[in-house]
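Survey of secondary and tertiary structure
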Amino acid sequence: MLQSLAGSSCVRLGEQHRSAWCFALLVLGYLLYLVFGAVVFSSVELPYEDLLRQELGKLKQRFLEEHACLSEQQLEQFLMRVLEASNYGVSVLSNASGNWNWDFTSSLFFASTVLSTTGYGHTVPLSDGGKAFCIIYSVIGIPFTLLFLTAVVQRIIVYVTRRPVLYFHIRWGFSKQVVAIIHAMVLGFITVSFFFLIPAAIFSVLEDDWNFLESFYFCFISLSTIGLGDYVPGEGYNQKFRELYKIGITCYLLMGLIAMLVVLETFCELHELKKFRKLFYVKKDKEEDQVHIMEHDQLSFSSISDQAASMKDDQKANEPFVNSQSPTSNDSSLNN
């Protein structure tokens with residue numbers, strides 16, 4: 001008896017705090033995922049970093065041996081200055097001296113990466129005025145971009161997602177949930193094909209040093225707004241039609257970002273995902289003041305109606321010319 005009561009109380013307690021337990025598991029799972037990523041990245045990339053450090057050390061030592069007139073301190077000062085300029089997108093190499101980072105098309109590309117929060121980091125403002133303007137431009141432009149993307153996606157998803165699903169549901173009688181799942185999968189496949197696979201093949205042809213995997217990696221890093229900046233198109237030596245190429249990349253990033261948001265919104269509207277998300281949310285309960293307001297409104301309306309009814313009765317009772325006789329008695333009196 002006691003065991004059954006204890007078990008039922010535990011079950012009741014678990015049901016009452018279900019969202020809290022699910023949220024705790026979500027936080028724990030996210031932390032474990034972070035640790036898992038750190039372990040994998042460290043185990044995969046650390047050997048390559050060690051080999052690169054050893055290679056650079058050998059090259060530096062060989063250079064100093066071949067140029068005895070140059071001290072190690074002078075060489076390091078020169079390299080520090082070169083690396084600092086490289087972080088600002090300026091290279092001392094002869095094959096990169098022809099590309100300007102702040103012509104109109106490059107500036108347009110930079111503005112698009114700032115407003116979309118991609119931020120490759122290969123080109124950054126050099127002057128104090130440019131840095132100050134970048135702050136003001138971003139503070140205004142990023143919310144403006146979010147508003148623009150939200151409005152565009154809201155209109156596109158009506159014609160791309162909701163109407164097709166409703167058409168197959170009403171016209172052909174298919175289950176709405178099944179149609180929504182199939183539609184989301186088809187839309188995701190089309191988006192991956194037209195904004196990842198095909199552009200990756202194009203970038204692997206246009207960029208001399210990129211293979212297909214590196215091109216696909218750039219597409220994913222860009223459209224997911226991660227923007228690591230290790231691969232940036234249009235920065236190669238003697239890039240043909242560089243201005244037009246930069247404008248095309250800017251348009252591709254903008255349209256790809258809209259397509260990604262449409263796909264994400266389509267998946268978020270699935271009934272199964274809505275139920276799954278609700279496991280981690282706090283249930284919305286009516287606040288006490290709202291309940292009090294409703295009760296007060298009900299009491300006030302009922303009291304007003306009661307008062308109105310009583311006032312009508314009093315008026316009828318107090319009217320001096322009200323005849324309490326029935327219509328039949330009135331007719332008989334008139335006949336007489």
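Residues numbered from 1 in each chain as written. Predicted model: local features only at pLDDT ≥ 70, side-chain atom pairs only at ≥ 80, totals over all residues. Heavy atoms only, no water.

Our working definition: UniProt positions are given in the numbering used here, feature names are shortened, and annotations may be inferred rather than shown by experiment.
The name an unreviewed UniProt entry gives the protein is Potassium channel subfamily K member 1, with Grallaria varia as the organism. Under the heading Sequence similarities (unreviewed entry), UniProt records this for the protein: "Belongs to the two pore domain potassium channel (TC 1.A.1.8) family."

Notes on the overall build of the protein
In plain terms, the rule: Under the scheme used here, helices are H or I runs from DSSP no shorter than 4 residues and strands are E runs no shorter than 2 residues, and both carry numbers assigned from the N terminus. Buried residues are those whose accessible area, probed at 1.4 Å on protein chains only, stays under 20% of the maximum for their type, while exposed residues exceed 50% and partly exposed ones sit between those limits. Every residue pair with non-hydrogen atoms within 4.5 Å of one another is taken to be in contact. Residue burial considers only the protein chains on display, and all accessible areas are found by Shrake-Rupley using a 1.4 Å probe.
Within the protein one finds 11 helices and zero strands. Counting across all 336 residues of the protein, residues that qualify as buried make up 21%. Put simply, of all contacts in the protein between residues at least 6 apart along the chain, 59% involve residues at least 24 apart. As displayed, the protein has an accessible area near 25300 Å², and 67% of this comes from carbon and sulfur atoms.

Remarks on the packing of helix 5 (residues 128-171) against helix 6 (residues 176-206)
Put simply, the test is: Axis angles are defined between N-to-C directions and span 0 to 180 degrees, where every axis is a line fitted to C-alpha atoms and, for a helix, only to the segment in contact. Oblique is the label for every angle not falling under 35 degrees (roughly parallel), over 145 degrees (roughly antiparallel), or within 65 to 115 degrees (roughly perpendicular). Helix crossings get a hand from a simple test, with the near helix turned counterclockwise from the far one by less than a right angle marking a left-handed crossing and a clockwise turn marking a right-handed one. Side-chain classes are defined by residue name, with Ala, Val, Leu, Ile, Met, Phe, Trp, Tyr, Cys and Pro counting as nonpolar, Asp, Glu, Lys and Arg as charged, and the others, Gly among them, as polar.
Look at helix 5 against helix 6: their axes get within 9 Å of each other, and the N-to-C directions meet at 135°. The orientation of helix 5 relative to helix 6 falls into the category oblique. Our pair here, helix 5 against helix 6, has a crossing hand that is right-handed. Contact with helix 5, carried on its side by Val-160, Thr-161, Pro-164, Val-165, Phe-168 and His-169, involves Lys-176, Val-179, Ala-180, His-183 and Leu-187 of helix 6 and no other residues of that element. In terms of residue class, the contact of helix 5 with helix 6 is built from seven nonpolar, three polar and one charged.

Digging into the packing of aromatic side chains
So the rule is basically this: Between 30 and 60 degrees the pair is tilted, below 30 it is stacked and above 60 it is edge-to-face, where a pair is any two Phe, Tyr or Trp rings, Trp via its six-membered ring, whose centres lie within 6.5 Å. We call a charge positioned above a ring when the Lys NZ or Arg CZ atom is no farther than 6 Å from the ring centre and deviates by at most 35 degrees from the ring normal.
Throughout the structure, instances matching the rule amount to 14 aromatic pairs. These aromatic residues form a ring-pair network of at least three members: Phe-109, Tyr-120, Phe-203, Trp-210, Tyr-217, Phe-218, Tyr-231 and Tyr-252. Sitting over the ring of Phe-109, Lys-246 keeps its end group 4.4 Å from the ring centre.

Let's talk about the environment of Phe-168
On the secondary structure map, Phe-168 appears in helix 5. Counting along the chain gives 11 residues from Phe-168 to Val-179, while the straight-line C-alpha distance between them is 7.2 Å. Setting aside chain neighbours within four positions, we find Phe-168 in contact with Gly-173, Phe-174 and Val-179.

Here we look at the side chain of Ser-193
For Ser-193, the position within the fold is in helix 6. The exposure class assigned to Ser-193 is buried, which follows from its relative accessible area of 14%.

Section: empty space enclosed by the protein
Convention followed: The distinction between a cavity and a pocket rests on a 1 Å grid over the protein atoms alone: a 1.4 Å probe fits inside a cavity but cannot get out, while a pocket stays open yet meets protein on both sides within 12 Å along at least five of seven lines, and a residue with an atom within 4 Å of a point counts as lining. Grid points are joined across faces, edges and corners, and a volume is the space filled by probe spheres set on the points.
One pass over the structure, following the stated rule, counts one cavity of 30 Å³ or more. The space that makes up the largest cavity amounts to roughly 50 Å³. Residue lining of the largest cavity: Trp-100, Asn-101, Ser-106, Phe-109, Phe-110, His-122, Thr-123, Glu-235, Arg-242 and Lys-246, and that is the complete set. Counting residues per element, the ones that place at least two in the lining of the largest cavity are helix 4 (104-115) and helix 8 (242-268). The greatest single-element share of the lining of the largest cavity, amounting to three residues, is contributed by helix 4.

Quick word on the packing of helix 6 against helix 7 (residues 212-223)
With their axes 8 Å apart at the nearest point, helix 6 and helix 7 run at an angle of 130° to one another. As judged from the angle between their axes, helix 6 and helix 7 are oblique. Seen along the crossing, helix 6 lies across helix 7 with a hand that is right-handed. Contact residues: helix 6 offers Phe-195, Phe-196, Leu-197, Pro-199, Ala-200, Ala-201, Phe-203 and Ser-204, while helix 7 offers Phe-212, Ser-215, Phe-216, Phe-218, Cys-219, Phe-220 and Leu-223. Looking at side-chain class alone, the contact of helix 6 with helix 7 contains 13 nonpolar, two polar and no charged residues.

Regarding the pattern of salt bridges
Basically, it comes down to this: Whenever Lys or Arg places a side-chain nitrogen within 4 Å of a carboxyl oxygen from Asp or Glu, that contact is recorded as a salt bridge.
Following the criterion strictly, the structure yields four salt bridges and no others. Of the charged contacts, one joins Lys-60 and Glu-72 as a salt bridge, the two residues approaching to 3.1 Å between their closest N and O atoms. Here Glu-72 lies in helix 3 (residues 72-87) and Lys-60 lies in helix 2 (residues 18-66), a separation of 12 residues in the sequence. In this structure, a network of salt bridges that share partners links the residues Lys-60, Glu-72 and Glu-76.

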